[in-house]
Amino acid sequence: MRKRGVIDTEKPKEKYCDSFGKRKVGHVIKELNGAFKKKFLSCGVEAGLDEVTFMHGWIMGYLHFNRDREIYQKTIESDFKIRRSTVTAILQLMEKKGYIKRDPVADDARLKRILLTEKGMETAEKTKEIIDRMENDLLEGIEPDQLDIFYEVSDKLLKNMKK
């Protein structure tokens, strides 16, 4: 019998299978995504970044990497492929926590450029260190040719999902 909140580790591959024992790609992708998020958040807590959500970390990294470009809410919506209402809520919370500021554009007061604050820059740099460390740990024991195949298959899966 499975206890609430306890993961059954006796037959881990069965949870990825259909009733005929065939592995399902969707289940594996979901499991990888969940494991990556969980690891990122636990590493963040260890680094003192326990207030940073997974999406906040990605957006701060994006803003840090693109600090030479003018980034607006619409840019984030487009590049992250998320709805306007979702981005609005995320940016409001990030602004409230002091990670970003919005600067009005001189010739159009409706447009506001999204910029990292000093706190946001420091957090983005710590987040990048965490992600780089996780990436190294994640790829341990995986050969470059295996990784190339993974990327090739992932690209095909993404292409197929867009059909």
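The rules behind the values
Residues numbered from 1 in each chain as written. Predicted model: local features only at pLDDT ≥ 70, side-chain atom pairs only at ≥ 80, totals over all residues. Heavy atoms only, no water. Phe/Tyr/Trp six-rings, centres within 6.5 Å; stacked < 30°, edge-to-face > 60°. Helix = DSSP H or I, 4+ residues; strand = E, 2+ residues; numbered from the N terminus. Buried < 20%, exposed > 50% of the residue type's maximum accessible area, 1.4 Å probe, protein only. Lys NZ or Arg CZ within 6 Å of the ring centre and 35° of its normal. Axes fitted to C-alpha atoms, helices over the stretch in contact; angles between N-to-C directions. Parallel < 35°, antiparallel > 145°, perpendicular 65-115°, else oblique. Left-handed = near helix turned anticlockwise from the far one by under 90°. Contact = heavy atoms within 4.5 Å. Nonpolar A, V, L, I, M, F, W, Y, C, P; charged D, E, K, R; others polar. Core = buried A, V, L, I, M, F, W, Y, C linked by side-chain atoms within 4.5 Å. pLDDT = per-residue confidence, 0-100.

Participant: Explain the packing of aromatic side chains here, please?
Facilitator: The relation between two aromatic rings is expressed through the spacing of the ring centres and the mutual angle of the planes. Following the criterion strictly, the structure yields three aromatic pairs and no others. Relative to tryptophan 58, the ring of phenylalanine 36 has its centre 6.5 Å away and its plane inclined at 15°; by these criteria the two rings are stacked. In this pair, phenylalanine 36 sits in helix H1 (residues 25-46) while tryptophan 58 sits in helix H2 (residues 54-65), placing the two residues 22 residues apart along the sequence. Seen from their ring centres, tyrosine 62 and phenylalanine 80 are 5.2 Å apart, and the 75° between their planes marks the pair as edge-to-face. Here phenylalanine 80 lies in helix H3 (residues 73-80) and tyrosine 62 lies in helix H2, a separation of 18 residues in the sequence. With relative accessibility at 13%, the residue tyrosine 62 sits in the buried group. Judged by relative accessible area, phenylalanine 80 falls into the partly exposed class, the value being 23%. Directly above the aromatic system of tyrosine 99 lies the positively charged group of lysine 119, at a separation of 4.9 Å from the ring centroid.

Participant: Explain the packing of H2 against H3 here, please?
Facilitator: Each pair of packed helices gets described by two things: the angle between the helix axes and the distance between those axes. Across the interface, H2 lies against H3 with an axial gap of 12 Å and an inter-helix angle of 115°. In terms of their interaxial angle, H2 and H3 are classed as roughly perpendicular. Where H2 crosses over H3, the two elements pack in a sense that is right-handed. Where H2 approaches H3, its residues Met55, Trp58, Ile59, Tyr62 and Leu63 are matched on the opposing element by Thr75, Ile76, Asp79 and Phe80. Taken together, the residues that form the contact of H2 with H3 break down as seven nonpolar, one polar and one charged.

Participant: In this structure, what is going on with the nonpolar core? I would like to understand it.
Facilitator: For soluble globular proteins, nonpolar side chains are generally found buried alongside one another. Judged by nonpolar contacts, the single largest core of 24 residues is most densely connected at Met60, Leu63, Ile76, Leu91, Met94 and Ile100. Contributions of two or more residues to this core are made by H1, H2, helix H4 (84-96), strand E2 (108-116) and helix H5 (118-138). In contact with isoleucine 100, other than residues within four places in its own chain, are Leu63, Leu91, Met94, Glu95, Ile114, Leu115, Leu116 and Thr117.

Participant: Sorry, what's going on with the environment of valine 87 here?
Facilitator: The residue valine 87 is located in helix H4 in this model. You can call valine 87 buried: its relative accessible area is 1%. C-alpha of valine 87 to C-alpha of lysine 74: the two residues are 13 residues apart in sequence and 8.7 Å apart in space. Setting aside its immediate chain neighbours within four residues, valine 87 contacts Gln73, Ile76, Glu77 and Ile82.

Participant: Sorry, what's going on with unusual backbone geometry here?
Facilitator: Of all residues except glycine, most have a negative phi; of all peptide bonds, most are trans. A positive phi angle is found at lysine 81, which is not glycine, with a value near 55°. Secondary-structure assignment places lysine 81 in the loop between H3 and H4. Judged by its relative accessible area of 67%, lysine 81 is exposed.

Participant: Would you mind showing me how to read the confidence of the model for the chain here?
Facilitator: Note that predicted coordinates carrying low pLDDT should not be read in detail. Per-chain confidence: the chain averages 85 in pLDDT, with 88% of residues scoring 70 or above. Within the model, the stretch residues 1-12 combines pLDDT values under 50 with three contacts to residues more than four positions away or in other chains.

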